[in-house]
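Chain by chain, the residues:
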Amino acid sequence: MNVGLPGAGIGGLYYLICTAIMPFKEVFLTVTKPKHKFRYRLVSIQVSIASAIVIGFIGMYQLLNNLIEADLSLQTSIENDSFLPTTLLPIAISLALLILILAIVELFALVSKKKNTVAIKK
Amino acid sequence: MPNSSSFYQSGYSVKPNVNCFSEKNKDLPVAREICPVTVIVPAYNEAACIADTVNSLLRQSLAAEEIIIIDDGSTDNTAEICRSLGVTVISPPENTGSKAGAQNYALTDIKTQYTLAIDADTTLQEDALEKLYAAMTEPEVVAVCGFVIPQHVKTLWERGRYVEYLMAFTFYKEIQSYYEKPLISSGCFSLFRTEYLKQIGGWSLRTMAEDMDLTWTAYQLGKKVRFVPDAICYPIEPHNFHFMRKQLKRWAHGFIQNVKLHRKGILHVPFLRSIVTVMCWDASIASIFYLTVIPILSVVISPLFLLGYIIDLPMVVIPTLVKAYSRGETWKALTSIPAFMVLRVVNSAIFLEALFKELILKQPLTTYEKGH
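Residues numbered from 1 in each chain as written. Chains lettered and ligands numbered in written order. Predicted model: local features only at pLDDT ≥ 70, side-chain atom pairs only at ≥ 80, totals over all residues. Heavy atoms only, no water.

Trainee: Report on the pairing of strand E8 (residues 189–193) of chain B, specifying residues and quantitative values.
Mentor: Residues and elements named next belong to chain B. With respect to burial, E8 is a largely interior element, five of its five residues being buried. Burial of the side chains of E8 extends over both faces: Phe189, Leu191 and Arg193 are buried on one face and Ser190 and Phe192 on the other. Pairing of strand E5 (residues 114–118) with E8 involves five bridges; the strand directions are antiparallel. Residue pairing across strands places Thr115 opposite Phe192, the latter belonging to E8. Bridge analysis of strand E7 (residues 141–148) against E8 gives three bridges, and the strand direction is antiparallel. If you follow Cys145 over to E8, its bridge partner there is Ser190. (Buried < 20%, exposed > 50% of the residue type's maximum accessible area, 1.4 Å probe, protein only. Helix = DSSP H or I, 4+ residues; strand = E, 2+ residues; numbered from the N terminus. Pairing = 2+ DSSP bridges.)

Trainee: An account of the interface of chain B and chain A is needed here, citing residue identities and associated values.
Mentor: Each partner contributes to the interface: chain B provides 65 residues, whereas chain A provides 59 residues. Of the roughly 5800 Å² buried at the junction of chain B and chain A (both faces included), carbon and sulfur atoms supply 72%. Here chain B and chain A share one salt bridge between them. Here Glu106(A) makes a salt bridge to Arg273(B), at a shortest N to O gap of 2.7 Å. If you look at where chain B meets chain A, you find nine residue pairs in polar contact (both at pLDDT 80 or more). The dominant element in the side of chain B that touches chain A, judged by the number of residues it contributes, is helix H9 (residues 272–300) of chain B, at twelve residues. Grouping the constituent residues of the side of chain B that touches chain A by class yields 41 nonpolar, 16 polar and eight charged. (Contact = heavy atoms within 4.5 Å. Buried area = accessible area lost by both parts, 1.4 Å probe. Salt bridge = Lys/Arg side-chain N within 4 Å of Asp/Glu carboxyl O. Polar contact = N/O pair within 3.5 Å; in protein donor to acceptor, adjacent residues only side chain to side chain. Nonpolar A, V, L, I, M, F, W, Y, C, P; charged D, E, K, R; others polar.)

Trainee: Which residues make up the nonpolar core, and what are the values?
Mentor: Residues and elements named next belong to chain B. Among the nonpolar cores identified, the biggest contains 127 residues, and Val37, Ile69, Leu116, Phe171 and Phe189 are the most heavily contacted of them. At twelve residues, the largest contribution of residues to this core is made by helix H5 (residues 156–178). In this structure, Leu116 is in contact with Val37, Thr38, Val39, Ile40, Leu57, Leu124, Leu129, Leu132, Phe189, Ser190 and Leu191, ignoring residues within four places of it in sequence. (Core = buried A, V, L, I, M, F, W, Y, C linked by side-chain atoms within 4.5 Å.)

Trainee: Give me the pairing of strand E2 (residues 33–43) of chain B: which residues, what numbers.
Mentor: Residues and elements named next belong to chain B. When you tally the buried positions in E2, you get ten out of eleven residues, the bulk of the element. Taken together, the nine bridges between E2 and strand E3 (residues 62–71) define a ladder with parallel strand orientation. Each bridged residue has a counterpart across the sheet, and for Glu33 the counterpart in E3 is Leu62. Handedness of the β-α-β unit built from E2, helix H1 (residues 50–58) and E3 comes out right-handed. Relative to E5, E2 runs parallel, the two sharing four bridges. (Right-handed = clockwise from strand over helix to strand, strands pointing away.)

Trainee: Talk me through unusual backbone geometry; I want residue IDs and the actual numbers.
Mentor: All names here are of chain B. Phi is positive for Phe271, close to 70°, though the residue is something other than glycine. The topology assignment puts Phe271 in the loop between helix H8 (241–266) and H9. Looking at Phe271, the relative accessible area reads 11%, which means it is buried. A positive phi angle, near 55°, is found at Lys362, a position not held by glycine. Turning to its location among the elements, Lys362 is positioned in the segment after helix H11 (330–360). By relative accessible area, Lys362 is classed as exposed at 58%.

Trainee: Help me get a handle on the environment of Ala92(A), residues and values and all.
Mentor: Take Ala92(A): it is sitting in helix H4 (residues 89–111). On the basis of relative accessible area, Ala92(A) is assigned to the partly exposed category, the value being 44%.

Written as structure tokens, this is what we have:
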């Protein structure tokens, strides 16, 4: 069940970051918990997918830039192209936004009191 | 995760199945083992597909103790088909009005340790139950779900859903699972600890996404949910816009209703609070941006802003192709990606409509409508 825009937005960025953390978390768990076995298969597959996505983004970025450069008539039609999807600025903004949103949620979690809110009412 | 051969060693209650074959199912394997699972299948006018569902249950490598079809007031011959296949059929006094209602009707009489809930239009891979069962390793694990792949991939909407599932279950759900918080134990195919279901009063009727409600409730109670990617189920997905709209509407309203209901509780569940927040942002703000800001910018400033619609293609294409390649379905997946882009636009528009109705107009969706 996916709602809204699966694949797009800051969600994708969030999952990429989560994947980047996985190997470090595995190392930490392996070192600190004697019974923990490093989940090589799961981590390597997910890290490979995430790496391929990042490489795909870089390739996409290059491809679109080349297409834009080739089409001079389009390029000259705008004065400030820094907000175009093919520049790094939207990615930087998305990252900053993601960090801000997550920080706000963590702050809320920190200051709000834990209540039993799971009473079932049918 | 124990495999089937280690069931006995790991203390699972598995015994030889001697009584589960009806005369009409002589082609079933003869040396199956039986596990303490009752399968419940809510059905309303499912004559077209219920036989496939029941047969796939009867062919499981690990047999369930009982298969119960809840015939929820069908006007077709759903019940007769099921009886002819040798499974138990029960009928509420009147139509319960929802899948959850039908499931709850059956739940009260379930005596087995585990309950498998599957939709009437969903078939299972032969070892799906065995794999879910094997993941019930700790007492804290109350629900286990599997990988979902559409049974039919022909129409635009089925193709869009096919890509969506391949992408989400290969990448997003695996990561959620790694951090021990799968967002949902899918309503179409999940194994539950019966005791937990009874403890929380069964499937709740208070939202349109009872599976999400059940999952988030579990986390707040300190329970665990597992995702087993090798346990595969094949539901029939909406084949046209009419039914897809109904399903997406139910999902969108269900998500918003669950966020409203659980917002305080999930704030204290690490990782879940992050994925729900990010999902809320993407489904609302990003949808507005996607549907209005990008087209406006492309008209007012430059058509190059339309690139925003395809800039995230690697995020969609790569996980999809990874799974599709392993299934030998690369071409099918590649040709289905445009359908996903269409489905995504429709999904975001329906979500915004649901958001407006739930939060601004205060008109919550309360009527359950079948997705096909």
